[in-house]
Amino acid sequence: MFGFVKICFKVLKEFEGIARMLKNTPLRNSKLKVVFSNYLVFFSIITTSVLFAQSSNLNSIAESFQAYTSGYREVAYCHLNKSTYIKGEMLGFTSYVIDKNLKTPSKRTRNLYCVIRDSADKVVKSKLIKIEKGFANNVFNLDSLFTTGIYTFQAYTNWMNNFDERNVFLESFKVIDPATETFVKRVELENKLDAQFLPEGGHFVDKVKTNVGVVIKDNRGYGLPNIQGNVYDSNNKYITTFKTNALGFSRFLLFPEVNQKYVVKINYLNNVLEYNINNIEPQGISIHLNNSRGKLALEFKTNRSTLKEIQNKPFKLIVHNGNIIKEIPIAFKKEEINVVLDYKYLFTGINIFTLLNSENKPVLERVFFNHKGLKTVELGNPVYTKKEDSIQISIPFITPFSINQDSTNISVAVLPETTVSYKRHQNIISYNYLQPYVNGYVENASYYFTNIDSKKSYELDNLLITQGWSSYDWKKIFNRTPKYNFVFEEGIVIKGNKNTNEQITFVVYPDENSTGHVFEVPENEKTFEKGGFYPSDGETIGVSTLNKRGKTNKADLYIQFSPIKIPDFNYSFETVSPKILTYNKSDIINSFGDIKNEEVEVLDEVLIKSNLRQTKIDKLKAGAYNRVYEFDDTMRATPITLLNYINQYVLGFRAEISALAELKIYSTRLVNRSLYGGRPPSPIVYLNDNPLYNLDALTNFDMRTIDYMVVRTQRALDSQRQIGDTKIEGSIKIYTSNEFLNKQKAKKRVSKFVYPLTFSKSKKFYTPEYNAYNDDFFREYGVIDWIPDCKLDRQGNLSFTVYNPTHNNIKLFIEGVTENGDYLSEVKKVITKATNTPE
């Protein structure tokens, strides 16, 4: 990009004479100027009396901007399967790493760090995961390390530490420990408000009409809807009124005067709260954006005293999106100047307008979002078919587009229809198009990018009025030379240091995700270095020396690794916790109509005890979620049979050899054996996901080949199946790997080195089992399924199957992105009980 900018500057100099000639030529009357503007990529221009041209300071501004933004930038986003979890559940997530400028999946990043921190900012769990074509998925077990509280999920690369903008992913979630929190209660709202009244562009200027952005939050930081306020002057004269939307935002017009004090009065919880507006400046410039009929009008206004000082001085209106910069020269010949931009000259997504004075100092800034050109994909209505205890769901795409399945990822959270556990503030669109460009963390940002219409565009603009300056700091742009102190990582780098001056050939053996390499280190060199290693958990690196006859021996060397630990993220950004359930005591009492004063206290006590409604939190079913038995080299080297291993280590099952020398596995759960003809039920046994209908292959099974086992002791709701004469309950899944055997073969000739940091393997998500599936606890906090990488069927429909034995109505939270940057974020319902027609 920076080289391209230099070419543009060269072209610009060659066209200086043309630029001077065109400076005073109206755009619509000059074909030559149209051609000229096409050559200058960074410039577009517009209407009225303000014309687009090169200014004397163009190079310094553009070069500073391009130098500051030239470093490759990516944005990390994670789709979490919920926002409120019960201790013992799995937190499933899909990570998306997006090229910040192109808005397409990144093909460069490989190392992504995923970290969970508690409310004291202490790391609870962390993983290094490998990103492939911009995507990865994994899980965190919310185990004994967690208790009731708010936690923050972070996802970032080492490279992101070089930048100040919010390219890292941050999201808070709640964990409920049933042992300490028996009920989820609504919280009473306090009689406190955080009310802010912020001028558009950042300044109240004497006798200059200004749009005032309103944001009103409760004491917990959540926007309050339907709050009405009235504005009065010093003489208590009514001026105007406003009412907040569902997220606590609004706006009103004010004609401020220095000698006036303005008061905003709000009636909240039967109390009148007052807020002063008194930061009015005698001089300055304000901005007002007017969006109408496919054009965006920027109105710059000032007063007489300011005009005397700035008249005919060169100002510059800078427009950028964090990547491309445009400039419009402005001269204040009167108190109001209008710049009208056609939408085709705006960037899709964020547009940051900054007014710089003659000394290149920012005077004001306004952020505007352009929804036109946003590439989104729309889904149709789900259809489903029931299949025993599962339902198969198919969702067509309404938006026609081409899709490469290998370079596209779609993730789906499957929850009960009435869930309250998915209260996430962001979706994949808002986190890539909006959040990195603003300073504050946006509450319920996904609202503005779901079912987009003119109302939501207007409400998003109200939000942006209150955001003030963008995340791009002009002081840093002009004064900071980019320094990339944090390297761009692609796997693990190894550096081998030999302990002799002789010429040696080293062989580095391949592992599961990395190829092998041969290094010839001559006499006068001591080291070799290579990156791109992706060791999985538990893997080691094997190195041998190779002699002239082609035989290998153990290597005598010292190896250094990079990185050796998960790095901290240097910048701390605040997030918004998942929204909690609240109630307003005054409204409850008033809803009972006219009551006597002496009755209020009694009624209040009753209501507080009942707290409107409480959801009892149950523990997950004992032993219900899947147990994962991981094997290490020590266990693999132990002379133990599968029969003995099951009997010694696997809870819920026992194994025996029958009189016919057949291996049998039974459930040890307390059941009524009379239902099974006196025999306990058996699990389904899988070998590498292939069901075994007899266990002959496991009778003399080589335990050295086991990678791990996943054991489920029972099926949900105690439902059983039958294969032949055998009743089925639970499952045992065995996964194998030849890694240990390969290591054993080469053990005598290979030196082994332990990686200090390895990549976490993608783990399968397992749905917990619940004591009941028809109570409020499951309907509000339960999990049905999580599909981190949903596939398309032959017809191009989104297709998947979920286990839903009670056939509860379900809600789907769907997110994804294609290789071309088409974004998907939708919520769909599948109604299986009330009607056969899905919504």
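None of the values given here were measured: they were computed from a predicted structure.

1. Topic: the overall build of the protein
- Regarding its fold elements, the protein presents 14 helices and 52 strands.
- In the protein, the share of contacts with a sequence separation of at least 24, taken over all contacts with a separation of at least 6, comes to 69%.
- As displayed, the protein offers around 39200 Å² of accessible surface, 48% of which is attributable to carbon and sulfur atoms.

2. Some details on the sheet that holds strand β25 (residues 349-356)
- Spatial ordering of the open sheet is given by β23-β22-β25-β26, a layout of 4 strands whose pairing is antiparallel. Edge positions in the open sheet fall to β23 (325-331) and β26 (362-370), since each of these has one partner strand only. With direction set aside, neighbouring strand axes in the sheet form an average angle of 20°.
- Here β25 runs beside β26; their pairing, made up of 8 bridges, is antiparallel.

3. Observations regarding the packing of aromatic side chains
- Going through the model one piece at a time under the given rule, you end up with 43 aromatic pairs.
- Between F519 and F528, the aromatic rings sit 4.5 Å apart at their centres with planes inclined by 20°, giving stacked as the arrangement. Assigned by exposure class, F519 and F528 land together as buried.
- With centroids separated by 4.9 Å and ring planes inclined at 55°, the aromatic side chains of Y773 and F778 adopt a geometry described as tilted. With respect to class, Y773 is no different from F778; both count as buried.

4. Side note on the confidence of the model for the protein
- Confidence along the protein averages 84 in pLDDT terms, with 84% of residues attaining 70 or more.
- Confidence drops under pLDDT 50 across residues 1-58; counting only partners more than four residues distant or on other chains, this segment forms 90 contacts.

5. So, the pairing of strand β34 (residues 540-546)
- The element β34 is largely enclosed, with a buried count of 5 among its 7 residues.
- Across 3 bridges, strand β31 (residues 504-508) lies against β34 in antiparallel orientation. Opposite V508, over in β34, you have V543 as the bridge partner.
- Note: β34 against strand β47 (residues 751-754), 4 bridges, orientation antiparallel. What sits directly across from T540, in β47, is V754.
- As defined by bridge partners, β34 adjoins strand β35 (residues 552-554) across 3 bridges and the pair is classed as antiparallel. Across the sheet, residue T545 finds its bridge partner in β35, namely N553.
- Between β34 and β35, which pair antiparallel and follow one another directly, the connecting turn spans 5 residues, one of which, G550, has a positive phi of 85°.

6. Remarks on the layout of surface pockets
- In this structure, the second largest pocket encloses a volume near 1200 Å³.
- Lining the second largest pocket are 48 residues, and of these L247, R424, N444, S446 and Y447 sit closest to its centre.
- Counting residues per element, the ones that place at least two in the lining of the second largest pocket are β17 (262-268), α9 (585-590), β51 (810-817) and β52 (823-830).
- Class assignment of the residues belonging to the lining of the second largest pocket gives a composition of 21 nonpolar, 16 polar and 11 charged.

7. What about the pattern of salt bridges?
- Counting across every chain of the model gives 30 salt bridges.
- Between R424 and E171 there is a salt bridge, with the nearest N and O atoms lying 2.6 Å from each other. Residue R424 is found in the loop between β29 (409-416) and α6 (428-433), and its partner E171 is found in strand β8 (residues 169-176); the two are separated by 253 residues along the sequence.
- Overall, the relative accessible area of 6% leaves R424 in the buried class.
- One salt bridge connects K295 with D342, and the closest N-O pair in it is separated by 3.1 Å. Remark: D342 occurs in strand β24 (residues 336-342) and K295 occurs in strand β21 (residues 295-302); sequence separation between them is 47 residues.

8. Structural notes on helix α12 (residues 642-649)
- Of the residues making up α12, those classed as buried are L642, L643, Y645 and I646. Down the axis, α12 shows its buried residues gathered within 165° of arc, on one side only.

9. Section: helix α7 (residues 454-467)
- With 14 residues, α7 extends 20 Å between its outermost C-alpha atoms, agreeing within 8% with the 20 Å of an ideal straight helix rising 1.5 Å per residue.
- The buried fraction of α7 amounts to 10 of the 14 residues, a majority that puts the element mostly inside the structure.
- Among all positions in α7, only K456, E459, L460, D461, N462, L463, L464, I465, T466 and Q467 are buried.
- Of the surrounding secondary structure, the elements contacted by the buried residues of α7 are β11 (194-199), β13 (210-217), β16 (249-254) and β26.
- Among the residues trailing α7, G468 stands out with phi positive, at a value near 70°.

10. Looking at the environment of A331
- Looking at the secondary structure, you find A331 in strand β23.
- On the basis of relative accessible area, A331 is assigned to the partly exposed category, the value being 35%.
- When the C-alpha positions of A331 and P314 are compared, they lie 5.5 Å apart, and in sequence the two are 17 residues distant.
- Dropping the residues within four chain positions of it, A331 is found in contact with N312, K313 and I337.

11. A word on the side chain of N162
- As for its placement among the helices and strands, N162 is situated in the loop between β7 (149-156) and β8.
- Here the side chain of N162 touches F486 through a polar contact of 2.8 Å, landing on its backbone oxygen.
- Ignoring sequence-local partners within four residues, the contact set of N162 consists of K483, Y484, N485 and F486.

12. A few points about the sheet that holds β16
- Spatial ordering of the open sheet is given by β11-β13-β16, a layout of 3 strands whose pairing is antiparallel. Where the open sheet ends on each side, the last strands, each with one partner, are β11 and β16. Put simply, the sheet's adjacent strands are angled 25° from each other on average, direction ignored.
- Pairing analysis gives 6 bridges linking β11 to β13, with the strands arranged antiparallel. From the neighbouring strand, L198 faces β13, where its bridge partner is G213.

The rules behind these values
- Throughout this document, residue positions are counted from 1 along each chain, in the order its sequence is written.
- Two thresholds apply to this predicted model, a pLDDT of at least 70 for residue-level local features and 80 or more for giving and counting side-chain atom pairs, whereas whole-chain, interface and lining totals are computed over all residues.
- To obtain the side-chain values, all non-hydrogen atoms of the structure were used and water was disregarded.
- The helix and strand labels rest on DSSP assignments: H or I over at least four residues marks a helix, E over at least two residues marks a strand, and numbering proceeds from the N terminus.
- By definition in these notes, contact holds between two residues if any of their heavy atoms fall within 4.5 Å.
- The protein chains shown are the only cover counted for residues, whose accessible areas, like all others here, come from Shrake-Rupley with a 1.4 Å probe.
- Paired strands, as defined in this entry, are two strands with at least two bridges between them according to DSSP.
- Comment: axis = line fitted to C-alpha atoms, over the contacting stretch for helices; angle = value between 0 and 180 degrees taken between N-to-C directions.
- Each aromatic pair joins two rings of Phe, Tyr and Trp (for Trp, the six-membered one) with centres within 6.5 Å, and gets the label stacked for planes under 30 degrees apart, edge-to-face for over 60, and tilted for any other angle.
- Think of it in three bands: residues with accessible area under 20% of the maximum for their type are buried, residues over 50% are exposed, and the middle band is partly exposed, with areas taken using a 1.4 Å probe on protein chains only.
- In predicted models, pLDDT denotes the confidence assigned by the predictor to each residue on a 0 to 100 scale.
- Here a cavity is any set of points on a 1 Å grid over the protein atoms alone where a 1.4 Å probe fits but cannot get out, and a pocket is any open set with protein on both sides within 12 Å along at least 5 of 7 lines; a residue lines the site when it has an atom within 4 Å of a point.
- Grid points are joined across faces, edges and corners, and a volume is the space filled by probe spheres set on the points.
- Polar here means any residue outside two lists: the nonpolar Ala, Val, Leu, Ile, Met, Phe, Trp, Tyr, Cys and Pro, and the charged Asp, Glu, Lys and Arg; Gly therefore counts as polar.
- By definition here, a salt bridge exists when the distance from a side-chain nitrogen of Lys or Arg to a carboxyl oxygen of Asp or Glu is within 4 Å.
- The arc in question is the one spanned by the directions pointing from the helix axis to the C-beta atoms.
- Helix span, as expected, comes to 1.5 Å for every residue beyond the first.
- Here a polar contact is taken to be a pair of N or O atoms separated by no more than 3.5 Å, where protein atoms must pair a possible hydrogen donor with a possible acceptor and residues adjacent in sequence count only if both atoms sit in side chains.

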